[in-house]
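As a plain string of letters, each chain reads:
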Amino acid sequence: MMENLKTWYFALSNRERVLVSVAGILTAVIVLIFGILLPTMSALEQAESGLGEAVQRRGRIEATVTAASLQTPAAARPAAAGIDLVVTQGAAEKGFDLVKPTNSAPGQVDFRIEQARAPALLAWLSELESQGIFITSITMRSATNGSVTVEAQLRQTAP
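My aim in this report is to walk through the structure given alongside it, one point at a time. What you see as residue numbers is a count from 1 along each chain, following the sequence as written. Only residues with pLDDT of 70 or above have their local features reported here, since the model is predicted, and side-chain atom pairs are shown and tallied only from 80 upward, although totals for entire chains, interfaces and linings are computed over all residues. Computation of side-chain values: all heavy atoms of the structure, hydrogens and water removed.

### Let's talk about the overall build of the protein chain
Inclusion rule: Only DSSP runs of H or I covering at least 4 residues are called helices, and only runs of E covering at least 2 are called strands; the numbering of each starts at the N terminus. Per-residue accessibility, obtained with a 1.4 Å probe over protein chains only, is compared with the maximum for each type, and a residue is labelled buried under 20%, exposed over 50%, and partly exposed between these values. Note that accessible areas follow from Shrake-Rupley with a 1.4 Å probe, and for residues the cover is restricted to the protein chains shown.
Regarding its fold elements, the protein chain presents 4 helices and 4 strands. Listing the helices and strands of the protein chain from first to last along the sequence gives α-α-α-β-β-α-β-β. Among the 159 residues that make up the protein chain, the fraction classed as buried is 20%. Accessible surface, the protein chain as shown: approximately 11,100 Å² in total, 62% of it carbon and sulfur.

### Quick look at helix α3 (residues 83–94)
One full turn of an α-helix is made of 3.6 residues, so residues set three or four places apart face in the same direction. Stated formally: A helix is expected to span 1.5 Å multiplied by its residue count minus one. Directions drawn from the helix axis to the C-beta atoms are what define this arc.
Here α3 spans 16 Å end to end across 12 residues, near enough to the 16 Å set by a 1.5 Å rise per residue. Along α3, the residues classified as buried are Ile 83, Val 86, Val 87, Gly 90 and Ala 91. The buried residues of α3 occupy an angular sector of 120° when the element is viewed end-on, so they sit on one face. Those residues of α3 that are exposed and angled more than 90 degrees off the buried face are Ala 92 and Glu 93. Downstream of α3 by one or two residues, Gly 95 has phi in the positive range, about 90°.

### Here's the deal with the pattern of salt bridges
Cut-off, in case you're wondering: Salt bridges are identified by distance alone: a Lys or Arg side-chain nitrogen within 4 Å of an Asp or Glu carboxyl oxygen.
The full count for this structure, using the stated rule, is 5 salt bridges. Across the salt bridge formed by Lys 94 and Glu 127, the nearest N and O atoms sit 3.3 Å from each other. Highlighted residues: Lys 94 in helix α3 and Glu 127 in helix α4 (residues 118–130), separated in sequence by 33 residues. We classify Lys 94 as partly exposed; its relative accessible area is 34%. In this structure, Arg 112 engages Glu 114 in a salt bridge whose closest nitrogen and oxygen atoms are separated by 2.5 Å. With a relative accessible area of 26%, Arg 112 lands in the partly exposed category.

### Overview of the packing of α3 against α4
In plain terms, the rule: Orientation is described by lines fitted to C-alpha atoms, with helices fitted over the stretch in contact, and by angles between N-to-C directions that extend from 0 to 180 degrees. Crossings are assigned a handedness: left-handed for a near helix turned anticlockwise from the far helix by less than a right angle, right-handed for a clockwise turn. Any two residues whose heavy atoms approach within 4.5 Å are treated as being in contact. Residues are grouped as follows: nonpolar covers Ala, Val, Leu, Ile, Met, Phe, Trp, Tyr, Cys and Pro; charged covers Asp, Glu, Lys and Arg; every other residue, Gly included, is treated as polar.
One can describe the packing of α3 onto α4 by two numbers: an axis separation of 11 Å at closest approach and a directional angle of 145°. Handedness of the α3/α4 crossing: right-handed. For the pair formed by α3 and α4, the contact residues are Val 86, Val 87, Gly 90, Ala 91 and Lys 94 on the first element and Trp 124, Glu 127 and Leu 128 on the second. Grouping the amino acids of the contact of α3 with α4 by side-chain chemistry returns 5 nonpolar, 1 polar and 2 charged.

Shown next as structure tokens:
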């Protein structure tokens, strides 16, 4: 078979050999690009996307488990502390940087967090609800690095 191909190729004129060689090179380049490179790049992008989703899912699961493990029954709750103290200490423990926590009324606090991961923030707010502190209003804006900026007003229920 190869011998027949060689015989055919060498029987061609120089111009035909050049054209056949160029056609072979173009075919090889097209097969390389569309048969190997593009499918490989697509598979890598899908793998990265799947990894990002898995990491986010794991963060949500860990935050949910942490919040569930920290919830205590109503009878076992400690004596009510001031909402300022509870929110400020809770934010510090979770690694959030509160900007201007202010009291707007007795039993209420307004605050802003510049950068927070949404799953961790929601787990912390859920933990606060188990302590009798509820969200009155909240505004969350996404940032380019995957974090969120939060402005919230919390209200403490009567003990």
